[in-house]
Every structure is written in C-alpha cells, then in structure tokens.
Protein chains: 2
Amino acid sequence: MAPSFLTQTYTERAKVNNNACAKKLLELMDKKKTNLSVAIDVTKKADIIRIADILGPYICVLKTHIDIVEDFDMELVETLKKLAEKHEFLIFEDRKFADIGNTVKHQYEGGVYKIASWSDITNAHPIPGEGIIKGLKEVGLPLNRALLLLAEMSSKGSLAKGQYTLDTIEMAKRNTDFVIGFIGQNRIYDNGDDSQDFLYLTPGVGLETKGDSLGQQYRTPHQVIVESGCDIIIVGRGVYGAKDDAEIKERAEKYRKAGWDAYLERIGQNQ
Amino acid sequence: MAPSFLTQTYTERAKVNNNACAKKLLELMDKKKTNLSVAIDVTKKADIIRIADILGPYICVLKTHIDIVEDFDMELVETLKKLAEKHEFLIFEDRKFADIGNTVKHQYEGGVYKIASWSDITNAHPIPGEGIIKGLKEVGLPLNRALLLLAEMSSKGSLAKGQYTLDTIEMAKRNTDFVIGFIGQNRIYDNGDDSQDFLYLTPGVGLETKGDSLGQQYRTPHQVIVESGCDIIIVGRGVYGAKDDAEIKERAEKYRKAGWDAYLERIGQNQ
C-alpha cells in the first residue's frame, strides 16, 4: 500500500511534522509553489550573492558548498541569511559530514565556517554509525536545525545501496527529532512501514543533460517526484550555468514549473 | 597464505612502492623508528603548532582536522609544512571527502583551506563511487599527493563493512597510482590476492581508554599491528590530552615504542 504522504499536499504534511525546520519548509513550498532547490556551486562570494538573489523567488532551498568559496567570510553568510528571509527559502549546507560524533560536533559548530550558525539544514553520511547523528544533534537541535541523511547517491558506482540504504532509514527512525529526511533517489518503502513522514531531496536532476565525465548521472523532475515519490528536486549547473541573469531566471522558472507540475500530478490536482 | 608484506621491513616495502608519497613515508618510518601517527584535534592555531613541534620526533604522520581550527590562516599551514620538514613527518588532512568528483576537486584544491597545497595525504569515503577518486586525483597527483580510502571505521555501528569494504579494495586496486592504502581496522586479504602493497592506517588506538560517549571504540597497538596486520597506529587525545608538554612527550614515546615493538614482533626482529 502506498503511503498517504504521496497524495497529501505539503501543507497537510507540515501539520503533522514535529520538526520546526521541516514544518517551515513544507509550508513555504506550498506558499511559493516550488519544490525546487538549486545547488549553487560557484567559487566567488559576489556570484553566490547575485545568483541567490535572482533565484530567491523560485526556490524552496538554496544548497551551498561553502568550502569551495575562495573569498569566504562571515559577511557572505550574513548576506545569505538576509536573502533567505527576504525570499523565504531555507539554506542547506551540503557538507556531507562523515566522521565520528566528537569530530563532527566541532566541524559543524566551529572552524572558519561555523555552519550551524547559519545553515538551516545540513547533511551527513550514516557510515560512521549513529554517533554522527548524536554529535550533530547536540549542536544543531538547540538551534532548531535539521539533518538529512545520505541514503543513496546519484553518482555512478555509488556504494550507498541495498542494506546500506535500509540501515540508514533505521537510523533516521531512531532520531526523528533531528533527522527530517534523506538525500536519495527513491522513496524507500521499507517493507510497507512508512509511518514516519520523511522528506526526500533528490540531486542529479536535469531536463536535458546526460551527465558529466566524473560520474554524475541525471534524471527528470517527473521521474523523481512522480515515479520515485521524492519531494524536492535539486538542480545545479542546469539552472545557474546560463549565459546571463535573464536566462538564469528563465531556467529556474522552467525547473520550478516542471517540479511543481509533477507534484500536482502526484497529489491528483493536475489540470 | 599470509602476504609477504607482513614480514617485510618498511624499507623493503618502500623499494617496490611506485607512489612517491608512500615511498617517502615508508622510508622515514624505518629511519625514525616510528609507525605512530597523532591525530591533533585542537581548535587553536598556537596549540597545534606547539603540540606538532613537541610530537615531531615521535611521529611519522601528523593527522589534522583543519576545519575545526577557530583561528585558521595560511600561516598555520606554512608553519606546519616547516615543522614537517624539520622533523621529517608527513601531514595528513583527515578531510573524509565524500562527494561527487566535480565537487571534491574544488573542495580539495580551493576554498579557504586549499588542502591540496599543503597536505601530503588526504582521505575519502568511496561511497560516491569511483568518480571521487578521479576528481581528487586530477588535483593531487600532479602535486605528488596520495589518497587513503576509508575501508572501515572504528566507531560503533559503522556501515563500512562486508561488501562495502571489499568494493573499496577493488576501487583502490584500479587506482594504485594515487590510492596508497586505507583507513581500516584490519588488513583485508581479499580471497588471498594481496598482490598490491597497500598501507593500512588505523585510528581508534588506545593503551588505556575504553571509548567515548559518542561511539568511538579503542584497540591496542599490538592488536592493530600484529593481530590485524595494519601499518600505522593513529592515536588522538591519548597522546596530546596530557597535563603538560613533558607528559605529551612521555605519552608519545610510550605509544611510539608500543607501535614499534609490535612491528618488530611482526617482522620477527624482536629481541
């Protein structure tokens, strides 16, 4: 039996979600009519700010890789926080934490980037065991942050599959106060038990491209939202890799509409 | 049949290793009589420099978590490079890269930390598939850097086990120009095929401690080097978490000797 989440609106799902960050996200998605997240992988502060301001109206989540920014400073994240407020989107630092609990605590809270101080959502590989969740939770939960676990990856030859993915779901179920969902390619039905409403954010989404030479592979919004039952499409260079600002807007709108139409089809509200 | 590496000296193994970084490491281990690596997880620049200078004579590898340092700047890594030259040790930034190839390239080369410019060795989780190795190799190989893959982890409930570990070994075998070995708890015999001489670096080593509340677990140098056939012991707070500099030296020497005695026993040169 398919879980009821698949045919509910994001607003209906927000009502029963007990994580403040997930609730806020689900509500703004319906309000702004978008399930689009853009992964902004550029290396100059000024470009990030300019692109984030252009994309603001079209996205629910801005995904960052803060550690590729050449001229990073705390002013960058202060500006991003203001843009997030202005346009109503959440910030998701795609840090892919992957160390033991005691180390990730420091990496999340401290260092140069102080990720926990500005990023609403971050993510982690479950590979070190549940200690990684506990470590991050000690820092993030008091700040109303949320965590996604990497259950699957879209890259070629990924080892996140099979039992690994199922073990990831089990870890998440034991930590639903902080873990709000997954980075994954498919909603996992887990022997029919889908009692917990997790969010699925799916990278590797493209309307035209086929992949790159370093193993990245792409799927369409329809495949991701309708066929695979995921919730948010993550698009990267397919949106911001445009010739000018007007074309970035155009592409953002094209992806927003494709993701939203797929969602309407899934919940039975199309046409 | 046990592989011959287990009873060879590090110098003998250096002669047949074709990675410049691994060769240098194996040679300095025999020269300095140490297979000890210290994981230096402190958050102040001045402490790192002070401790690294104290530890220098006792270690073959200084393991860093550069992204927990509150007052990081490039002067820190310049100083560490000078200490590495003065004391003859290698620097290993324990970044645990875990993203797709195109992203890790930027994370390794750029951002605030510019890891590839100062860290002899770094490591990666194989989970995204082989693209992660290719991405890192494009940056690191021209700089004579080397990569370790995380084949196993010492933390409780780790998902790096079984087929995952075997798949990791296979990826390494296809990339022996850049992948010099593993972070792991045991030398993997892989159905008897041990034709490639990989280095095994093993964290979670302690002489007295039992673990921490966030899932870290400990084993002794003898277990790691003799019973499990690994090459380098990684010790953390067990060494630098001492009351003063004299006690840090004393603990470093105790761990160095324990690791070295275990190695001599393994190669049959004890007493």
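Residues numbered from 1 in each chain as written. Chains lettered and ligands numbered in written order. Predicted model: local features only at pLDDT ≥ 70, side-chain atom pairs only at ≥ 80, totals over all residues. Heavy atoms only, no water.

Turning to the overall build of chain A, a few remarks are in order. The secondary structure content of chain A amounts to 10 helices and eight strands. Here the C-alpha atoms of chain A give a radius of gyration of 17 Å, agreeing with the 18 Å that 2.2 N^0.38 yields for 271 residues. Principal axes of the C-alpha set define a box for chain A whose edges measure 50 × 45 × 40 Å. Burial analysis of chain A (271 residues in total) assigns 62% to the buried set. Of the contacts made within chain A by residues no fewer than 6 positions apart, 71% connect residues no fewer than 24 positions apart. Surface exposure of chain A reaches about 10,200 Å², of which carbon and sulfur atoms provide 50%. (Helix = DSSP H or I, 4+ residues; strand = E, 2+ residues; numbered from the N terminus. Rg over C-alpha atoms; globule rule 2.2 N^0.38 Å. Buried < 20%, exposed > 50% of the residue type's maximum accessible area, 1.4 Å probe, protein only. Contact = heavy atoms within 4.5 Å. Areas by Shrake-Rupley, 256 points an atom, 1.4 Å probe, with all protein chains shown as cover.)

All names here are of chain A. Of all five residues that make up strand S5 (residues 146-150), five are buried, and the element is covered over most of its length. The alternating pattern of S5 places Ala-146, Leu-148 and Leu-150 on one face and Leu-147 and Leu-149 on the opposite face, and all of these are buried. As judged from the four bridges shared by strand S4 (residues 121-124) and S5, these two strands associate in the parallel manner. Note that in S5 the partner of Asn-123 across the bridge is Leu-148. Each parallel crossover has a hand, and for S4 linked through helix H6 (residues 131-140) to S5 it is right-handed. (Pairing = 2+ DSSP bridges. Right-handed = clockwise from strand over helix to strand, strands pointing away.)

Turning our eyes to something else, we now look at the sheet that holds strand S3 (residues 90-97) of chain B. All names here are of chain B. If you trace the eight strands once around the closed barrel, you get S1-S2-S3-S4-S5-S6-S7-S8, paired in parallel fashion. Neighbour to neighbour, the strand axes of the sheet diverge by 30° on average, direction disregarded. As paired strands, strand S1 (residues 36-40) and strand S2 (residues 61-64) are joined by four bridges and run parallel to one another. Looking across to S2, one finds that Ala-39 is bridged to Lys-63. Against the sheet, helix H6 (residues 131-140) contacts S3, strand S4 (121-124), strand S5 (146-150) and strand S6 (179-183), and its axis sits at roughly 160° relative to S5. (Axes fitted to C-alpha atoms, helices over the stretch in contact; angles between N-to-C directions.)

Okay, the relation of the copies chain B and chain A next. Mapping chain B onto chain A calls for a rotation angle of 180° and an axial translation of 0.0 Å; the resulting RMSD is 0.0 Å. Interpreted geometrically, this transformation is the action of a two-fold axis. Residue B:Ala98, judged by its C-alpha, is the member of chain B lying nearest the rotation axis, at 3.6 Å. When the interface residues of chain B are mapped onto chain A, 98% of them again lie at the interface, so the same face is used by both copies. (Least-squares fit on C-alpha atoms with pLDDT ≥ 70 in both.)

With that out of the way, let us pick up helix H3 (residues 45-55) of chain A. Those residues of H3(A) that sit buried are A:Lys45, A:Ile48, A:Ile51, A:Ala52, A:Ile54 and A:Leu55. Residues of H3(A) that are buried in the fold lie against strand S1 (36-40), strand S2 (61-64), helix H4 (74-87), helix H9 (237-240) and helix H10 (245-266) of chain A.

What follows covers the pattern of salt bridges. Residue and element names in this part refer to chain A. Tallying each qualifying case throughout the model produces 48 salt bridges over all chains. The salt bridge involving Asp-231 is made with Arg-13; its shortest N-O contact spans 2.8 Å. Placement of Asp-231 in the loop between helix H8 (221-227) and strand S8 (232-235) and of Arg-13 in helix H1 (residues 10-16) is noted, with a sequence separation of 218 residues between them. Judged by relative accessible area, Arg-13 falls into the buried class, the value being 0%. Linking Glu-75 and Lys-45 is a salt bridge whose minimum nitrogen-to-oxygen distance equals 3.1 Å. Here Lys-45 lies in helix H3 and Glu-75 lies in helix H4, a separation of 30 residues in the sequence. (Salt bridge = Lys/Arg side-chain N within 4 Å of Asp/Glu carboxyl O.)

Moving on, we get to the UniProt feature "active site" (unreviewed entry) in chain A. The UniProt entry lists A:Asp94, A:Lys96 and A:Asp99 under the feature "active site" (unreviewed entry), expressed in the numbering used here. With relative accessibility at 4%, the residue A:Asp94 sits in the buried group. Here A:Asp94 is in contact with A:Lys63, A:Thr64, A:His65, A:Asn123 and B:Asp99, once residues within four sequence places are set aside. Positionally, A:Lys96 belongs in strand S3 (residues 90-97). Exposure remark for A:Lys96: the relative accessible area of 7% places this residue in the buried category. Excluding residues within four positions of it along the chain, A:Lys96 makes contact with A:His65, A:Asn123, A:Ala124, A:His125, A:Leu150, A:Met153, B:Ala98 and B:Asp99. (UniProt positions renumbered as here; feature names shortened; annotations may be inferred.)

On to the confidence of the model for chain A. On average, residues of chain A carry a pLDDT of 93, and 94% of them reach 70 or more. Both confidence scores are given for the complex: pTM 0.94, ipTM 0.93. (pLDDT = per-residue confidence, 0-100.)

Residue and element names in this part refer to chain B. Closest axis-to-axis distance for the helix H3 (residues 45-55)/helix H4 (residues 74-87) pair is 10 Å, and the angle between their directions is 5°. By the angle between their directions, the pair H3 and H4 is classed as roughly parallel. On H4, the residues that touch Lys-45, Ile-48, Ile-49, Ala-52 and Asp-53 of H3 are Glu-75, Leu-76, Thr-79, Leu-80, Leu-83, Lys-86 and His-87. Along the lines of polarity and charge, the residues of the contact of H3 with H4 split into six nonpolar, two polar and four charged. (Parallel < 35°, antiparallel > 145°, perpendicular 65-115°, else oblique. Nonpolar A, V, L, I, M, F, W, Y, C, P; charged D, E, K, R; others polar.)

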